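# Architecture and fold: a report
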Amino acid sequence: TSNFVCLPVSDTCYEEPAKDRSGPRLVTLIGESFDNASVISSVLPDEQDLIQRELRKWIDRGDVSIILTTGGTGFAPRDVTPEATKPLIDRECSQLAMAIALASLQKTKFAALSRGVCGIAGNTLIMNLPGSEKAVIECFDVVRDLLPHAVHLMRNNLKLVQRTHATLQQTTAQPTTLQQHQHHRHVCPHKTGAGNDEDRNSPFPMLPVQQALDTILGVVQRDNKTAVQQLEALVSPVNIPPFRASIKDGYAMKSTGFSGTKRVLDCIAAGDKVNLHPLQEDECFKINTGAPLPEHADCVVQVEDTKLLQRDKYGEESLVDILVEPKPGQDVRYVNFAMPQPAILLFLFVCSAVGFDLAKGERVFPAYDASPVVSKSLLASVGCQLPQRKPKVAIISTGSELLAPSEPAAAGKIYDSNTTMLEELLLYFGFECMQLQVLSDNLDNIKQTLATLFETVDFVICSGGVSMGDKDFIKPALEALSFKLHFGRVNMKPGKPMTFASRERKYFFGLPGNPVSAFVTFHLFALPAIRWAAGWPRAKCALPVINVTLQNDAIALDGRPEYVRATVNSIKGQLHASVNGDQISSRLQSIVGADVLIHLPGRTAEKTQARAGEVYSASVLRYDFISNYE
């Protein structure tokens, strides 16, 4: 078992990741060929320094066995992947490069124009593959069976090396059926088959989590493109503020009048019109925060720097002592241009601070922000309203055994918690559930319900009905409705049966029926897709990821990468996480107090447990994600 890193190199794909074909294909090939392999993929531009920096980062980690690059190996001026790779190589693997080249030349003579190199850097094998999807498939087929043995040799794992050598010595000219199978796949705990009566293994290959998410975001279209463009192009119809405004409660005056006793002419409150009354140097106006500055004043002295000397017969202030020297522009929203001192006095007196926060004609949104708090507040501040369409979502649960929470308990039945949980999660993240239904395990009923729902909604999130049981009708129903099933299994725990399908601009998420599986897959797949459709930037669609130090003594690793619910504790400013009890996928109590999903890797021969003190990535589930401070 090995850790792989795939690095597609392409200027075009770096700008538009959805156009990358070779990277996702390579990730799929690795997942299909090596069960329990951990695969990380990242698209890079054709920049030698950036490519080299990324390679060095993964080499220096020490736990990455194989790095596969795709693209940038040709004759074009920006094809620099080999040049970025060569300086990092400690030992060249020229025979491996030759094997790839010879096999490629049997396919096309144009393979002679590829300059890819292979070599070992530290404990990591690096291979440059061509950029086309077809070439990636052909080249990977050449090296697939060599990679496990290469890793064993690099790690000096003598027992596994000797076992491989013994197997090669014993192999006859006519391999057995088992040996033929092992030639194409090394370990098969989660076999992909036909899914029929003769072969009951699922016909869907298990995709790595990141590839599944990339597939989703490559398929889902943004519904509010026009609205985003309108927001980005919107210019302010007004100045903010539309007048020079006082920043403090105090007294407005001329800065040329110095400190001392001044007569209070009147009081100006927020919302009053600009006062045009003539103003002498020994006069002032009492003024409130946010009120418009009088026409002939250029500064405000805060009330704390004054002393009340006298009130008139009506109880209003009439005489005040200014204890500090007033300064031009003091406590006034003004434009802070760099000017010579004599000029600034005239500028501040003659010119106003109108539009200090936002000037008329300026863009309201420096950049698009999907947060309704931000967008609606800014629109309100300039007196504008623009419709902002959110994706329409329906939630269904399937299962003849399900009862609504309001129904009485019955033999053979269980209460449905998934619809309630998913609806509350949508609301928590700022989206609404348009419809909520619980369906029995009936194919015709499921087909009709889905057809009706998709007439009015963009997304249907369904829990249950996506596994291999004879009552799991979701996938047949989707196929009958002409939906394309993009994937039907993901290499993760919990959530392996996770399903995603689409038809034109309609999208279906089939979450597993176990409550915790539904909880995890909603956060990792459904939520990012809905955010993407709503116009969120790609980098913000998925949950934020932080690093946490594990507090549990030891946790047995599963064969699949696992996402475990944990509570976060801040200890002297460092984030630690404690796993919340039994992590079985049916135990909904494990989400109580869950602040994060810790990303545990799949079990390997070298690592079978996660231990206290080790640092892992974790997806943040809630805004207030720190439960305890120590």
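Residues numbered from 1 in each chain as written. Predicted model: local features only at pLDDT ≥ 70, side-chain atom pairs only at ≥ 80, totals over all residues. Heavy atoms only, no water.

## Description of the overall build of the chain
Summing up its helical and strand segments, the chain has 18 helices and 28 strands in all. Scored against the burial criterion, the 630 residues of the chain give a buried share of 47%. Long-range pairs, those at least 24 residues apart, make up 70% of the contacts in the chain between residues at least 6 apart in sequence. Carbon and sulfur atoms form 53% of the exposed surface of the chain, whose accessible area is close to 31,400 Å². (Helix = DSSP H or I, 4+ residues; strand = E, 2+ residues; numbered from the N terminus. Buried < 20%, exposed > 50% of the residue type's maximum accessible area, 1.4 Å probe, protein only. Contact = heavy atoms within 4.5 Å. Areas by Shrake-Rupley, 256 points an atom, 1.4 Å probe, with all protein chains shown as cover.)

## Some details on the confidence of the model for the chain
Taken as a whole, the chain shows an average pLDDT of 85; of its residues, 85% reach a score of 70 or greater. Across residues 167-191 the pLDDT falls below 50, and counting only partners more than four positions away or on other chains, this stretch makes 23 contacts in the model. Within the model, the stretch residues 335-352 combines pLDDT values under 50 with 19 contacts to residues more than four positions away or in other chains. (pLDDT = per-residue confidence, 0-100.)

## Structural notes on the packing of aromatic side chains
With the rule as written, the count across this model stands at ten aromatic pairs. Ring centres of F4 and F34 lie 5.6 Å apart, and the angle between their planes is 20 degrees; this geometry places the pair in the stacked category. In this pair, F4 is assigned in strand 1 (residues 3-8) and F34 in the loop between helix 2 (22-33) and strand 2 (38-41), connecting sequence segments 30 residues apart. A residue is classified by how much of its surface remains accessible, and F4, at 3% relative accessible area, is buried. By relative accessible area, F34 is classed as buried at 10%. With a centroid separation of 6.4 Å and 75 degrees between ring planes, the pair formed by F429 and Y623 is classed as edge-to-face. Pair noted here: F429 is in the loop between helix 14 (418-428) and strand 16 (433-439) and Y623 is in the loop between strand 27 (615-620) and strand 28 (628-629), with a separation of 194 residues, a long-range link. The exposure class of F429 is buried, given its relative accessible area of 7%. Take Y623: its relative accessible area is 58%, and that puts it in the exposed class. Grouped by ring-pair contacts, the aromatic residues F459, F487, F500, Y507 and F509 constitute a single cluster. (Phe/Tyr/Trp six-rings, centres within 6.5 Å; stacked < 30°, edge-to-face > 60°.)

## A short note on the sheet that holds strand 6 (residues 124-129)
With respect to topology, six strands assemble into an open sheet ordered 2-1-3-6-5-4, the strand pairing being mixed. A strand with exactly one partner marks an edge of an open sheet, and here the two such strands are strand 2 and strand 4 (91-92). Bridge count between strand 5 (residues 118-121) and strand 6: four bridges; the pairing is antiparallel. Across the sheet, the residue bridging to C118 is M127, located in strand 6. (Pairing = 2+ DSSP bridges.)

## Points about the sheet that holds strand 11 (residues 306-311)
Within the open sheet, the six strands sit side by side as 10-7-9-8-12-11. Their pairing is mixed. Bordering the open sheet on either side are strand 10 (299-302) and strand 11, each of which pairs with just one other strand. The mean inter-strand angle of the sheet, taken between neighbouring strand axes irrespective of direction, is 35 degrees. Taken together, the five bridges between strand 11 and strand 12 (residues 317-322) define a ladder with antiparallel strand orientation. Looking at strand 12, one finds that T306 is bridged to I322. (Axes fitted to C-alpha atoms, helices over the stretch in contact; angles between N-to-C directions.)

## Examining the environment of L425
Relative to the helices and strands, L425 resides in helix 14. Take L425: its relative accessible area is 11%, and that puts it in the buried class. Separated by 97 residues in the primary sequence, L425 and F522 place their C-alpha atoms 8.6 Å from one another. Setting aside residues up to four positions removed in sequence, L425 forms contacts with F519, F522 and H523.

## With respect to helix 6 (residues 133-143)
For helix 6, the set of buried residues is A135, V136, E138, C139, F140 and V143. Buried residues along helix 6 sit against helix 2, strand 3 (66-70), helix 5 (94-107), strand 6 and helix 7 (147-154).

## Quick look at unusual backbone geometry
Residue K493 is joined to P494 through a cis peptide bond whose omega torsion reads -5 degrees. By the element assignment, P494 lies in the loop between strand 18 (484-487) and strand 19 (499-503). Unusually for a residue other than glycine, F258 sits at a positive phi of about 60 degrees. The residue F258 is located in the loop between strand 7 (250-253) and strand 8 (260-268) in this model. The backbone phi angle of D331 is positive, close to 55 degrees, even though this residue is not glycine. When you line up the elements, D331 lands in the loop between strand 12 and helix 12 (341-350).

## Describing the packing of helix 10 (residues 209-219) against helix 17 (residues 515-533)
Relative placement of two packed helices is described by the angle separating their axes and the distance separating the axes. Where helix 10 contacts helix 17, the axes come no closer than 10 Å and their chain directions differ by 30 degrees. As the angle between them shows, helix 10 and helix 17 are arranged roughly parallel. Between helix 10 and helix 17 lies a crossing of right-handed hand. Seen from helix 10, the contacting residues are V209, A212, L213, I216 and L217; seen from helix 17, they are L524, F525, P528, A529 and W532. (Parallel < 35°, antiparallel > 145°, perpendicular 65-115°, else oblique. Left-handed = near helix turned anticlockwise from the far one by under 90°.)

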